[in-house]
Amino acid sequence: MKIVVCIKRVVDSNVKIRVKSDSTGVDTSNVKMSMNPFDEIAVEEAMRLKEKGLASEVIAVSAGPMQAQETLRTAMAIGADRGILIETNDELQPLAVAKLLKAIVDKEQPSVVILGKQAIDDDNNQTGQMLAALAGMPQATFASKVELTDNAVTVTREVDGGLETLKLTLPAVVTTDLRLNEPRYVTLPNIMKAKKKPLEVITPTDLGVDVTTRIKVLKVTEPPKRKVGIKVPDVATLIDLLKNTDKIL
């Protein structure tokens with residue numbers, strides 16, 4: 001059984017985001033980049049399934065610039081057997097990424113595709129669903145528990161009313177939520193081993209996929225700064241302010 005896990009290179013979650021002076025996007029020059037946190041969870045879950053003897057190979061896939069090789073090497077340090085980089089410097093929107101991944105799925109024929117439910121840079125939460133639709137595969141999103149058998153995957157997902165359990169026939173697409181697992185710490189020996197693992201570099205043209213953007217970002221702005229709070233001398237004043245909200249505003 002083969003598992004494809006999809007990862008994205010994003011601005012590190014600890015970095016303070018800054019908008020470009022011309023408001024065309026986020027400034028990523030000289031900024032630390034890392035693996036999308038939800039995708040780290042996806043890689044960890046794929047490795048746990050392999051360690052249980054339920055998968056024979058884990059393939060990490062990413063689309064982006066050549067620097068995304070570093071992110072793929074991190075996935076291989078966690079334990080992925082090999083990596084595939086779809087190299088492109090074009091802006092990739094969810095539909096384009098889903099088409100690229102669909103081409104990889106057609107080529108690799110995995111039993112399960114695991115990816116983070118969303119990326120922290122755009123928060124679209126669309127790629128997994130689009131991939132499932134394009135590939136004609138059943139999907140389970142926001143997974144908090146995954147159980148794999150020879151011909152099915154059972155996924156527990158968090159919904160507003162509690163927990164929902166789905167059983168999908170393979171092949172299937174699963175997107176991971178935060179509470180699925182805790183990603184392991186990457187050790188130095190595994191980082192060194194990852195450098196020797198195979199990493200294939202291809203382009204969208206090689207896959208016959210058009211990645212032309214269909215959505216145009218008009219403007220990116222920082223959120224408004226919070227107003228300075230006020231102090232009240234006693235409870236009576238606080239109650240008066242709460243009753244008359246126009247005084248606070």
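This text follows the structure it describes.
Small disclaimer: the values here were computed from a predicted structure and weren't measured.

What follows covers the overall build of the protein. Counting its regular elements, the protein contains eight helices and eleven strands. For the protein, the spread of C-alpha atoms along the three principal axes comes to 70 × 45 × 40 Å. Expressed as a percentage of its 249 residues, the buried residues of the protein come to 41%. Long-range contacts, defined here as pairs at least 24 residues apart, represent 70% of the contacts in the protein between residues at least 6 apart. With an accessible surface of roughly 14,400 Å², the protein has 51% of that area assigned to carbon and sulfur atoms. Averaging the coordinates of the 34 positive side-chain charges in the protein and doing the same for the 33 negative ones gives two points 3 Å apart.

Turning to the sheet that holds strand β8 (residues 152–159), a few remarks are in order. Taken in spatial order, the nine strands line up as β9-β8-β7-β10-β6-β1-β4-β5-β11 in an open sheet, and their pairing is mixed. Pairing within the sheet leaves two strands with one partner each, and these edge strands are β9 (162–169) and β11 (199–202). For this sheet the average axis-to-axis angle between neighbouring strands, irrespective of direction, equals 35°. In the sheet, strand β5 (residues 82–87) pairs with β11 via four bridges, with the strands oriented parallel. Paired with Ile86 across the bridge in β11 is Ile202. Helix α2 (residues 68–78) rests against β4 (57–64), β5 and β11 of the sheet, and its axis sits at about 160° to β5. Helix α4 (residues 127–135) contacts β6 (112–116), β7 (139–148) and β10 (172–176) of the sheet and is inclined by roughly 175° relative to β10.

Turning our attention to the environment of Arg214. Inspection of the secondary structure assignment puts Arg214 in the loop between α6 (204–207) and α7 (235–243). Given the relative accessible area of 54%, Arg214 is considered exposed. Separated by 122 residues in sequence, Arg214 and Leu92 have C-alpha atoms that sit 9.9 Å apart. Contacts of Arg214, omitting those with residues within four sequence positions, involve Gln93, Leu95 and Lys99. Polar side-chain contacts of Arg214 include one of 3.1 Å to the backbone oxygen of Thr212.

Residues of α2 that are buried: Ala68, Thr71, Leu72, Ala75, Met76, Ala77 and Ile78. Downstream of α2 by one or two residues, Gly79 has phi in the positive range, about 145°.

The next subject is the environment of Leu242. On the secondary structure map, Leu242 appears in helix α7. Remark: the alpha-carbon pair of Leu242 and Ser34, spanning 208 residues in sequence, is separated by 44 Å.

A cluster of nonpolar side chains, contributed by Ile230, Val232, Leu238 and Leu242, occupies part of the molecular surface with about 360 Å² of accessible area. Counting through the fold element by element, Val232 comes out in the loop between α6 and α7. The class of Val232 is partly exposed, set by a relative accessible area of 33%.

Here the structure, examined in full by the defined rule, presents 15 salt bridges. Residue Glu44 pairs with Arg48 through a salt bridge whose shortest N-O separation is 2.8 Å. Placement of both Glu44 and Arg48 in helix α1 (residues 37–51) is noted, with a separation of four residues, approximately one turn of the helix. For Arg179, the salt bridge identified is with Glu158, shortest N-O distance 2.8 Å. Pair noted here: Arg179 is in the loop between β10 and α5 (188–194) and Glu158 is in strand β8, with a separation of 21 residues, a long-range link. Using a relative accessible area of 59% as the deciding quantity, one classes Arg179 as exposed. Each of the salt bridges in this network shares a partner with another, and the network as a whole consists of Lys2, Glu57, Arg82 and Glu108.

Within α4, burial applies to Thr127, Gly128, Leu131 and Ala132. When α4 is viewed along its axis, its buried side chains cluster within an angular range of 135° and face the same direction. Among the structural elements, α3 (94–108), β6, β7 and β10 are those in contact with the buried residues of α4. In the stretch just after α4, Gly136 is the one whose phi turns positive, near 65°.

What counts, and at which threshold
- Residues numbered from 1 in each chain as written.
- Predicted model: local features only at pLDDT ≥ 70, side-chain atom pairs only at ≥ 80, totals over all residues.
- Heavy atoms only, no water.
- Helix = DSSP H or I, 4+ residues; strand = E, 2+ residues; numbered from the N terminus.
- Buried < 20%, exposed > 50% of the residue type's maximum accessible area, 1.4 Å probe, protein only.
- Contact = heavy atoms within 4.5 Å.
- Areas by Shrake-Rupley, 256 points an atom, 1.4 Å probe, with all protein chains shown as cover.
- Lys, Arg positive; Asp, Glu negative; His and termini not counted.
- Charge placed at Lys NZ, Arg CZ, Asp CG, Glu CD.
- Pairing = 2+ DSSP bridges.
- Axes fitted to C-alpha atoms, helices over the stretch in contact; angles between N-to-C directions.
- Polar contact = N/O pair within 3.5 Å; in protein donor to acceptor, adjacent residues only side chain to side chain.
- Patch = residues over 30% accessible without salt bridge, like charges linked within 9 Å, V, L, I, M, F, W, Y side chains within 5 Å.
- Salt bridge = Lys/Arg side-chain N within 4 Å of Asp/Glu carboxyl O.
- Arc of directions from axis to C-beta.

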